[in-house]
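Results of the structural survey
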Protein chains: 2
Amino acid sequence: MHNPTELQKLIENAIPKIAYPANPANLYEPIKYIMSLGGKRIRPVMVLMATELFTDEVTKALDVALAIETFHNFTLVHDDIMDNAPLRRGKQTVHEKWGVNNAILSGDVMMVESNKHLSKVDIGVLKPVLDTFNQTAQGVCEGQQLDMEFETRDDVSIEEYIEMIRLKTAVLLGGAMKLGAIVGGADEKNAELLYQFGENLGVAFQLQDDILDVYGDPEKFGKQVGGDIIANKKTFLHLKAKALIEPTETDILLGEHESATQKVEAVTALYNNYNIKELAQTQMKQYLAKAYQGLDMLEVVENRKTYLRELTKQIMEREN
Amino acid sequence: MHNPTELQKLIENAIPKIAYPANPANLYEPIKYIMSLGGKRIRPVMVLMATELFTDEVTKALDVALAIETFHNFTLVHDDIMDNAPLRRGKQTVHEKWGVNNAILSGDVMMVESNKHLSKVDIGVLKPVLDTFNQTAQGVCEGQQLDMEFETRDDVSIEEYIEMIRLKTAVLLGGAMKLGAIVGGADEKNAELLYQFGENLGVAFQLQDDILDVYGDPEKFGKQVGGDIIANKKTFLHLKAKALIEPTETDILLGEHESATQKVEAVTALYNNYNIKELAQTQMKQYLAKAYQGLDMLEVVENRKTYLRELTKQIMEREN
């Protein structure tokens, strides 16, 4: 078995070896670019880790891991177009570097590349692998659609928000776990338990993201602390505050401010008054507890679960 | 066996029965919209027709036919964004009706829908079906990339143009035939012959399109005759003329004109002087002859090929 760092290395080594056609260069260069920008490779590591719960032949799952990582990066390329984002991991986004049309098309072909990776799995698991992947991919698209629609809605409930992040973020973590389990030879019950583990962890992960965006250590966070506040993003913190504050305080949350810095300070102070951080942490911990419950129920000897518990801890204790 | 019209009806009846999720409505409504705009359904009909060369169980191929039609419509949605096109089949394009971001995302989920259709084929043919589909989809994306790049290049050769239309248009017709053949139980040799048939027919089809755009009957063409000339599109006709004309005539082809009408008239007259229509037809007929050769070599009793010959004739004699 391999620890999270070893599995991450396995992924990092495999990515530059993916053989894309040489031409048209402008179709494939953006794929190599976005795939090389790094990140923690959490999703493909989860695939491999789920496989290793059931078999020592972890390389059997490498193609599925690359499919998941390619799909994830495809969503980043298209989401960045929709969000008009100039930067991704501190570098130019694909549409900034190659133009929007090129970015749409390179994203499209990344979806094909994901499917090519997937189709290499053992024929015995091909059908459930495809079904799981397609359901996952569909959920992620639905989540992105809801996220876009929330931008122009002012009646988003916390339940709707949780459902959105479940689709946009958590389903892919669930899918990664389930796919790894299937390739590893898990039965349906255990594959489903791992899906639930991944999905619950995914919701906790995103809630943690929301908290970090406001309360992260500026030295370690990597992005501007308060970015969500400046962008009026309807995060869990925003929606919870909106539900709790006095009518007289609405302007602090939704009104104009002198500067971005002043806005971050004022809204953070408002959050502090209503214990929003703690409320978000309570919610986050509930999802994390559900994730661990699923892991406890998994019919795998306890010592095989060690690295997955370690990865979960790393993910939830991250500072960026 | 079914004639082309019966197979088209089979497709037309199946499309409204595809079950998309109800929500998010704005993600799935565009799919229903574009899929209902009609068209000749040539590609899914080709899938079914290829299957019927080998088996009477044509419905076995219905999911693959829907996958191909969904994929084709996905490319239309994304291509229309890239081309900034306001109309498709005389109606508003998806990005005009729902906005660019929504159109990107609905297109993305159409790719997932295509893969969901595909995954329903018999497990015995699933792997070759996926491989053929992925190779086809990748080729289509490459063709679109080349098409975009040609817009800003002024050194496109006729060979490059043929390679572009092979990828952008012909590969999908080849893929449709091969997929239908695989589902019908064809061996590799016959499946490959049908791929070649479809690909050669596809190149002939696009050359015919180029000719119709200039020489079509305005009453029957459905679009503005001369649209390619107005848009300075580097079609076979344009590139052939560019290669043959005197330097003094370059301005007619590439320079400014008083009006769109005058430009169409002047360029058409130039084409006429150099017999460009006939040269294009000669090229087209060479590809068509190659297509028929493949059909002749196909190891299927001749009377099973009748409807495919009929469809080919319909496609090549179309006026819009």
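These numbers were taken from a predicted model, which means no experiment stands behind them.

With respect to the overall build of chain A
Helix and strand content of chain A: 16 helices and two strands. Rg of the C-alpha trace for chain A: 20 Å, near the compact-globule value of 20 Å for 320 residues, within the 12% margin. Summarising its shape, the C-alpha atoms of chain A cover approximately 60 × 50 × 35 Å along the three principal directions. The 320 residues of chain A split such that 49% are buried.

With respect to the relation of the copies chain A and chain B
The two chain copies are connected by a rotation around an axis plus a translation along it. When chain A is brought onto chain B, the operation consists of a screw motion whose angular component is 180 degrees and whose axial shift is 0.0 Å, with 0.0 Å RMSD remaining. Here the two chains are linked by the operation of a two-fold rotation axis. Same-surface contact between copies: 100% of interface residues of chain A are shared with the interface of chain B.

Some details on unusual backbone geometry
Both trends apply: most residues other than glycine have a negative phi, and most peptide bonds are in trans. Residue and element names in this part refer to chain A. With an omega of -5 degrees, the peptide bond running from asparagine 23 to proline 24 counts as cis. Residue position: proline 24 is located in the loop between helix H1 (4-14) and helix H2 (25-36). Residues other than glycine seldom take positive phi values, yet arginine 41 does so here, at roughly 55 degrees. With respect to the helices, strands and loops of the structure, arginine 41 is situated in the loop between H2 and helix H3 (42-52). Unlike most non-glycine residues, asparagine 275 shows phi in positive territory, near 55 degrees.

With respect to the confidence of the model for chain A
Here chain A averages 96 in pLDDT, and 100% of its residues register 70 or above. Prediction confidence for the complex, expressed as pTM and ipTM, is 0.97 and 0.96 respectively.

A look at the environment of glycine 226 of chain B
Residue and element names in this part refer to chain B. Mapping glycine 226 onto the fold places it in the loop between helix H10 (218-221) and helix H11 (227-230). The spatial distance from the C-alpha of glycine 226 to the C-alpha of threonine 51 is 38 Å, given a sequence separation of 175 residues. When near neighbours in sequence (up to four residues on either side) are disregarded, glycine 226 contacts Val214 and Val264.

Notes on the interface of chain A and chain B
Between chain A and chain B, the contact holds 31 residues from the first and 31 residues from the second. Those elements giving two or more residues to the side of chain A that touches chain B turn out to be H2, helix H4 (62-83), helix H6 (100-118) and helix H7 (123-151) of chain A. Residue contributions to the side of chain A that touches chain B peak at 15 residues, all from H7 of chain A. Within the side of chain A that touches chain B, the residues separate by chemical class into 16 nonpolar, nine polar and six charged.

Here's the deal with the packing of helix H3 (residues 42-52) of chain B against helix H4 (residues 62-82) of chain B
All names here are of chain B. Their axes nearest at 8 Å, the elements H3 and H4 cross at an angle of 160 degrees. Taken together, the axes of H3 and H4 lie roughly antiparallel to each other. Judged by the sense of rotation from one axis to the other, the crossing of H3 with H4 is right-handed. Residues Arg43, Pro44, Val47 and Leu48 of H3 form the contact with H4, whose own contacting residues are Val64, Ala65, Leu66, Ile68, Glu69 and His72. Counted by class, the contact of H3 with H4 contains seven nonpolar, one polar and two charged residues.

Here's the deal with the environment of asparagine 3 of chain A
Along the chain, asparagine 3 of chain A turns up in the segment before H1. With sequence-adjacent residues up to four places away left out, asparagine 3 of chain A is seen in contact with Tyr307 and Glu310 of chain A.

Considering the environment of leucine 311 of chain A
All names here are of chain A. By the element assignment, leucine 311 lies in helix H16 (residues 306-316). A tally of 21 C-beta atoms within 10 Å means that leucine 311 is categorised as buried. Spatially, the C-alpha atoms of leucine 311 and methionine 49 are 9.2 Å apart, while their sequence positions differ by 262 residues. In contact with leucine 311, other than residues within four places in its own chain, are Pro4, Val45 and Met49.

Considerations on the nonpolar core
Ranked by internal contacts, the top residues of the largest apolar core, which has 180 residues, are Val47 and Val64 of chain A together with Val47 and Val64 of chain B. Not counting residues within four places of it along the chain, the set of residues in contact with valine 47 of chain A comprises Ala61, Val64, Ala65, Ile68, Ala176, Leu179 and Gly180 of chain A.

Side note on helix H15 (residues 276-297) of chain B
All names here are of chain B. An ideal rise of 1.5 Å per residue puts 32 Å on 22 residues; H15 measures up with 32 Å between its terminal C-alpha atoms. If you check which residues of H15 are buried, you get Ile276, Ala280, Met284, Tyr287, Leu288, Ala291, Gly294 and Leu295. For H15, the angular spread of the buried residues around the axis is 105 degrees, confining them to a single face. Exposed residues on H15 whose side chains face more than 90 degrees from its buried face are Glu278, Thr282, Ala289, Asp296 and Met297.

Side note on the packing of helix H12 (residues 236-244) of chain B against H15 of chain B
Residue and element names in this part refer to chain B. Put simply, H12 and H15 touch, their axes get as near as 10 Å, and they point 120 degrees apart. Between H12 and H15, the crossing angle belongs to the class labelled oblique. Handedness of the H12/H15 crossing: right-handed. Across from Phe236, Leu237, Lys240 and Ala241 in H12, the residues of H15 making contact are Ile276, Leu279, Ala280 and Gln283. Looking at the contact of H12 with H15 residue by residue, the class counts come to six nonpolar, one polar and one charged.

Scoring rules and cut-offs
- Residues numbered from 1 in each chain as written.
- Chains lettered and ligands numbered in written order.
- Predicted model: local features only at pLDDT ≥ 70, side-chain atom pairs only at ≥ 80, totals over all residues.
- Helix = DSSP H or I, 4+ residues; strand = E, 2+ residues; numbered from the N terminus.
- Rg over C-alpha atoms; globule rule 2.2 N^0.38 Å.
- Buried ≥ 20, exposed ≤ 12 C-beta atoms within 10 Å, placed from the backbone.
- Least-squares fit on C-alpha atoms with pLDDT ≥ 70 in both.
- Contact = placed C-beta atoms within 7 Å.
- pLDDT = per-residue confidence, 0-100.
- Nonpolar A, V, L, I, M, F, W, Y, C, P; charged D, E, K, R; others polar.
- Axes fitted to C-alpha atoms, helices over the stretch in contact; angles between N-to-C directions.
- Parallel < 35°, antiparallel > 145°, perpendicular 65-115°, else oblique.
- Left-handed = near helix turned anticlockwise from the far one by under 90°.
- Core = buried A, V, L, I, M, F, W, Y, C linked by C-beta atoms within 7 Å.
- Expected span 1.5 Å × (residues − 1).
- Arc of directions from axis to C-beta.

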